[in-house]
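# Per-entry structural report
Below, each chain spelled out in residue letters.
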Amino acid sequence: MDHIFNALIVLLSLSITLVREEYRFFGLPYYDIVTVISTFLILISTLNRNRFSVSKGFLLRLGVLFATVMGVGSLSTLVGLQTIIREPNFGVLLRAAGSVLLFISTYVMILGNERRVKLAASSLVLVALVQGLVAIGGIGSTSRFVGTFDDPNYFGVFQSMAFCIILSRLTGRTRFWEKLILYALLALVGLSVLITFSRGAYLALFGGFAVIIWARLKNAKTQIVFVIGTAALGIWHSLSLLESLPIVQRFVGRLNIIEAIQTGGTGRTDIWKRAVLSLGNNPWGYGWGTETVVLSGKVSHNVFLEVAIQYGVIGFLLTIFLLGLIIGDAVHLVKKTENEYYIGFAASVICVLVGGVSLNMWYVRQFWYVLAMCVALADNLRLREYSTST
């Protein structure tokens, strides 16, 4: 069974990137299929062993998530039925249930198993490498690359996560030849983020990068300074070399801060105002999948407003509490360990949360995958701390 779970964590890590409509099996996304199989096998394994060991902290986080989706979501949907919707959106409820199952299965498979941590990290980096190569190979086009995602912003956030995992490995204890490979990977994945022209991805990368700097300043100052200097020079030279390309000429205006402010983040600020006003009119929320109904066919482009519209003020506060706990887990990882993979995933959590400021994330699988990884790794670390103290 151990080998099966090793294979499943690799498949799950790969499948969360297969987002576009063509990546379906009889209409079902591959990541949902892998999640259901993983959950089923976890149940079988648990019944065979007659025990199921998870931390109280995980149960608290899972309870908050379940209360938000099912408890508050049901209440908000009842309110929505009296105001703007005719029937509950059970399709969105199933998507939320899939996210909860993915959160559980990822946590259980990673808990207490360091080999799977490395397998998960390696799988994510491999996908980022392949997608980065394809993105750079098509740099002569006039369209922003989306990879196996359905939006260049989500592709950019994923590549930013992989960048942080690579950077954490690079600034850790690695041999010379490994550093050369990691520098090449870092440059390739970094360039793929740059040519997404996604401001959300840039902010996500900056957030994760800041976590790595914070984690490594004590023991790897020279490497951090070198990496920052190299990255700055690389970005400057890349833009100067690429400025004649059609895609750069078309989208380079997105890098202009003044233009971004004048356009309100491509209309996002206007949408945010409407979302806040709708919440003021009904603080209970409107129910599962009502975001586009409330916003006249648009999405909020913000995970917090995405939650607030559907689950109301109560759901919003529960989500803030849940994410605050998980940020605490990430801080614990950064402060208490030098493990490259642990720090890389802690930085990845910040990537998806910063990305969530300008993107919907509540039903995005890579979001819940990374959050579950962080909770599991924090529990792994606490278990080691407890065992050494006794």
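As shown above, the structure is provided for reference.
### Observations regarding the overall build of the protein chain
- When you go through the protein chain residue by residue, the secondary structure sums to 16 helices and 2 strands.
- The proportion of buried residues among the 390 residues of the protein chain is 53%.
- Sequence separation of at least 24 residues holds for 79% of the intrachain contacts in the protein chain that already meet a minimum separation of 6.

### Quick look at the nonpolar core
- The biggest cluster of nonpolar side chains holds 103 residues, and the ones touching the most others in it are Phe103, Tyr311, Phe345, Trp362, Phe367, Trp368 and Tyr369.
- Among the elements that make up this core, the one with the highest residue count is helix α16 (residues 365-389) (13 residues).
- Residues contacting Trp368, with those up to four places away along its chain left out, are Leu65, Ser99, Leu102, Phe103, Leu322, Met361 and Trp362.
- Core analysis: the next-biggest nonpolar cluster, separate from the first, contains 7 residues, Val294, Leu295, Leu305 and Ile309 among them.

### What about the environment of Trp214?
- Tracing the backbone through its elements, the reader meets Trp214 in helix α8 (residues 199-216).
- It is 7.9 Å that separates the C-alpha atoms of Trp214 and Val334, two residues lying 120 residues apart in sequence.
- Among all residues touching Trp214, those that are not within four sequence positions of it are Val331, Val334 and Lys335.

### Quick notes on the environment of Leu305
- Positionally, Leu305 belongs in helix α14 (residues 303-336).
- Each C-alpha atom, one on Leu305 and one on Trp272, is 7.4 Å from the other, the two residues being 33 residues apart in sequence.

### Observations regarding helix α7 (residues 176-194)
- Look at α7: 27 Å from first C-alpha to last across 19 residues, which is about the 27 Å you get at 1.5 Å a residue.
- Along α7, the residues that are buried comprise Glu178, Lys179, Leu182, Leu185, Leu186, Leu188, Val189, Ser192, Val193 and Leu194.

### Observations regarding the packing of helix α6 (residues 152-170) against α8
- Packing of α6 against α8 brings their axes to within 8 Å, and their N-to-C directions diverge by 15°. Compared by their axis directions, α6 and α8 come out roughly parallel. Note that α6 runs across α8; the crossing there is right-handed. Along the contact surface, α6 presents Asn153, Gly156, Val157, Ser160, Phe163, Cys164, Leu167 and Ser168, while α8 presents Ala201, Ala204, Leu205, Gly208, Phe209, Ile212 and Arg216.
- Along the lines of polarity and charge, the residues of the contact of α6 with α8 split into 9 nonpolar, 5 polar and 1 charged.

About the cut-offs
- Residues numbered from 1 in each chain as written.
- Predicted model: local features only at pLDDT ≥ 70, side-chain atom pairs only at ≥ 80, totals over all residues.
- Heavy atoms only, no water.
- Helix = DSSP H or I, 4+ residues; strand = E, 2+ residues; numbered from the N terminus.
- Buried < 20%, exposed > 50% of the residue type's maximum accessible area, 1.4 Å probe, protein only.
- Contact = heavy atoms within 4.5 Å.
- Core = buried A, V, L, I, M, F, W, Y, C linked by side-chain atoms within 4.5 Å.
- Expected span 1.5 Å × (residues − 1).
- Axes fitted to C-alpha atoms, helices over the stretch in contact; angles between N-to-C directions.
- Parallel < 35°, antiparallel > 145°, perpendicular 65-115°, else oblique.
- Left-handed = near helix turned anticlockwise from the far one by under 90°.
- Nonpolar A, V, L, I, M, F, W, Y, C, P; charged D, E, K, R; others polar.

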